[in-house]
Amino acid sequence: MKTVGIEAIGVAVPKAYLELSDLAKARGVPEGKFAEGLGLSQMSVPGPHDDTVSLAAQAAVAALKGVDVWNIGLCIVGTETAVDHSKPVSSFLQGLLHLPPHCRVFETKHACYGGTAGLMTALDWIRAGSNRGRKALVICSDLARYGLNTPGEPTQGAGAVALLVSEQPDLAEISPVVGTYSRDVMDFWRPLYRKDAIVDGHYSMSCYLEALKSAFLAWQVEQNGFKPFVADRFSSIVYHVPFPKMARKAHDALREFDGDREAAKSFEWQVKSGLELPRRVGNLYTGSLYLSLASVLATDDRDLDNAQLALFSYGSGSCAEFFTMKVTPGAQKKVRALGLIKRLEERKRLSVDEYERLMRAAEHDDRAAVEHEGVHGFLGVKEDRRLYALG
Ligand code: HMG
């Protein structure tokens, strides 16, 4: 079977953020609830020119550095916050990135699992030989909104992660053995008439944990049957991170399920480095798992050359997947060169007042008037057409 995996990664986050200690103060909540209770310190706040398309385009540009776009044969955007009921984000991107006309472009939706659905499709497309030497671009892009004064408010965020998928996996080779679990549940959803998600918060956490154990079991069965203490073989276990404390709970549940009586002991070495970026960005929905992967590769102190990583993708509703990858030697250096931490440090800190104004304005942004020269990203709507400029 062909060697297939991630050749390059690109990450885009809005240029502004909110300190969650400021939000805690404004909401009359003890600081410890967001910091220790949820594991979050900051959250990305999208500006008027950030949307799912503009963030996806920025992430894609970073992933495509030095790549001939003529060689991209498939572009899939995983998102649950698309900008149009019919025209997919990937078509906007085709224009912005000058993807070739022979490129198959479409959008996938399944809550936070939508990006993984795209990744699995791209991997299978290449493994089957349908790519005929071409590469795939899979982009996860979302604005995560629960609304002001809701329990989900501190777990919002925004951003995009682009993955270049090919037969030249310079970052990580992905195994074809996958454990899948799906179940029809109402844990989190967003009716067509709403911008903000509706969530049954504590129930969603139990759905996540049930899906994790079931997908892990399915992965074991696919391989060679259930064996205890398998999780020990992974240098890192990378989870979908709606908020970092969820990944901690997930890890405890997985390790216990795997037979470990001291589950918490492995958190430091198997999970912590994957939460460095997520705790400063918040939930990216589809991109959260892959931001956590970038976090491992960018911030882990260990030499991860040839290390085995496990990944768990969860999308409410629900569909989940447990899969593994092997880190290609040199991958950490490449991801560190993206300067992700520095980019987070350069963001503008917003006051709670500024954040609330942006949230309220976003209710109407879909109809905003077209902006003038010098602006990049989403410009506004003219004659019912969304307009963009790629900076
Ligand atoms: P809540 O009900 O306001 O918070 O909202 P809580 O009362 O459960 O407290 C949270 C934690 O803070 C608890 O820790 C408290 O003890 C602790 P735990 O007991 O769980 O370990 N705490 C404190 N700690 C230190 N000092 C203090 C203090 N006070 C309390 N002073 C909830 C929490 C997560 C429910 C809410 O934020 C929410 O609804 N978030 C959105 C839903 C979500 O993220 N679900 C995750 C699983 S589903 C998923 O991942 C899919 C998703 O990404 C969507 C998709 O697929 O598209 C969401």
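Residues numbered from 1 in each chain as written. Predicted model: local features only at pLDDT ≥ 70, side-chain atom pairs only at ≥ 80, totals over all residues. Heavy atoms only, no water.

Caption draft 1: Focus on helix 6 (residues 201-223). Here helix 6 contains 23 residues, and its C-alpha end-to-end distance of 33 Å stays within 8% of the 33 Å for a straight helix at 1.5 Å per residue. Those residues of helix 6 lying buried are S204, M205, C207, Y208, A211, L212, A215, F216, W219 and Q220. On its buried side, helix 6 packs onto strand 9 (179-182), strand 11 (198-199), strand 12 (236-239), helix 7 (244-257), strand 13 (308-315) and strand 14 (319-327). A positive phi of about 90° marks G225, the residue just after helix 6. (Helix = DSSP H or I, 4+ residues; strand = E, 2+ residues; numbered from the N terminus. Expected span 1.5 Å × (residues − 1). Buried < 20%, exposed > 50% of the residue type's maximum accessible area, 1.4 Å probe, protein only. Contact = heavy atoms within 4.5 Å.)

Caption draft 2: Fine view of the nonpolar core. Judged by nonpolar contacts, the single largest core of 49 residues is most densely connected at L119, V165, Y290, L293, L311, F323 and M325. For this core, the element with the highest residue contribution is helix 10 (residues 288-299), accounting for eight residues. Leave out the neighbours within four places in its chain, and M325 touches I6, A172, E173, I174, L293, A307, Q308, L309 and L311. Formed by 43 residues, the second largest nonpolar core is a distinct cluster that contains M43, M246, A310 and Y355. (Core = buried A, V, L, I, M, F, W, Y, C linked by side-chain atoms within 4.5 Å.)

Caption draft 3: Local environment of unusual backbone geometry. Cis geometry marks the peptide bond from G317 to S318, where omega comes out at 5°. Along the chain, the position of S318 falls in the loop between strand 13 and strand 14. For N149, which is not glycine, the phi dihedral falls at a positive 60°. With respect to the helices and strands, N149 occurs in the loop between strand 6 (135-144) and strand 7 (157-166). What makes N149 exposed here is its relative accessible area of 58%. With a phi angle near 65°, N306 is a residue other than glycine that sits in the positive phi range. Locating N306 in the fold gives a position in the loop between helix 10 and strand 13.

Caption draft 4: Expanded view of the packing of helix 6 against helix 7. Across the interface, helix 6 lies against helix 7 with an axial gap of 10 Å and an inter-helix angle of 40°. Here helix 6 lies oblique to helix 7, going by the angle between them. As helix 6 packs across helix 7, the resulting crossing turns out to be right-handed. From helix 6, M205, Y208, L209, L212, K213, F216 and L217 reach across to helix 7, where they touch M246, K249, A250, A253, L254 and F257. Here the residues of the contact of helix 6 with helix 7 are counted per class, giving eleven nonpolar, no polar and two charged. (Axes fitted to C-alpha atoms, helices over the stretch in contact; angles between N-to-C directions. Parallel < 35°, antiparallel > 145°, perpendicular 65-115°, else oblique. Left-handed = near helix turned anticlockwise from the far one by under 90°. Nonpolar A, V, L, I, M, F, W, Y, C, P; charged D, E, K, R; others polar.)

Caption draft 5: Local environment of the side chain of D51. Structurally, D51 is set in the loop between strand 3 (42-44) and helix 3 (52-63). Reaching out from D51, the side chain makes a polar contact with the side chain of R386 at a distance of 2.7 Å. In contact with D51, not counting residues within four places along its chain, are V83, L143, F378, R386 and Y388. (Polar contact = N/O pair within 3.5 Å; in protein donor to acceptor, adjacent residues only side chain to side chain.)

Caption draft 6: Summary view of the pattern of salt bridges. Following the criterion strictly, the structure yields 18 salt bridges and no others. Among the salt bridges present, the one from E167 reaches K2, with a minimum N-O distance of 3.7 Å. Here E167 is found in the loop between strand 7 and strand 8 (172-174), whereas its partner K2 is found in the segment before strand 1 (5-12), with 165 residues between them in sequence. Residue classification places K2 among the partly exposed positions, given a relative accessible area of 33%. Across the salt bridge formed by D51 and R386, the nearest N and O atoms sit 2.7 Å from each other. On the criterion of sequence distance, the pair formed by D51 in the loop between strand 3 and helix 3 and R386 in strand 17 (residues 385-389) is long-range, its members being 335 residues apart. (Salt bridge = Lys/Arg side-chain N within 4 Å of Asp/Glu carboxyl O.)

Caption draft 7: Geometry of the environment of Y239. Residue position: Y239 is located in strand 12. Spatially, the C-alpha atom of Y239 lies 12 Å from that of Y113, the residues being 126 residues apart in sequence. Each residue touching Y239, except ones within four places of it in the same chain, is listed here: Y208, L212, A247, A250, H251, L254, V271, L289, S292 and F312. Only 2.8 Å separates the side chain of Y239 from the side chain of H251, close enough to count as a polar contact.

Caption draft 8: Highlighting the site of the ligand. In the vicinity of the ligand, 27 residues are found, and the nearest of them are K33, E80, C112, H202 and K249. In the model, an oxygen atom of the ligand is placed 2.7 Å from a nitrogen or oxygen of the H202 side chain. N283 places a polar side-chain atom, nitrogen or oxygen, 3.2 Å from an oxygen atom of the ligand. Surface burial for the ligand is 75%, taken as the share of its 1100 Å² of free accessible area covered by protein chains. Taken together, the elements giving at least two residues each to the shell around the ligand come down to helix 2 (31-37), helix 6, helix 7 and strand 13. With five residues, the top contributor of residues to the shell around the ligand is helix 6. (Near = heavy atom within 4 Å. Areas by Shrake-Rupley, 256 points an atom, 1.4 Å probe, with all protein chains shown as cover.)

Caption draft 9: Expanded view of helix 7. Compared with the 20 Å implied by 1.5 Å per residue over 14 residues, the 20 Å span of helix 7 between its first and last C-alpha is a close match. Listed as buried for helix 7 are P244, M246, A247, A250, H251, A253, L254 and R255. Each element contacted by the buried residues of helix 7 is listed here: helix 6, strand 12, helix 8 (267-270), helix 9 (278-281) and strand 14. With its phi angle positive at about 100°, G259 sits one or two positions after the end of helix 7.

Structural measurements only, silent on function.
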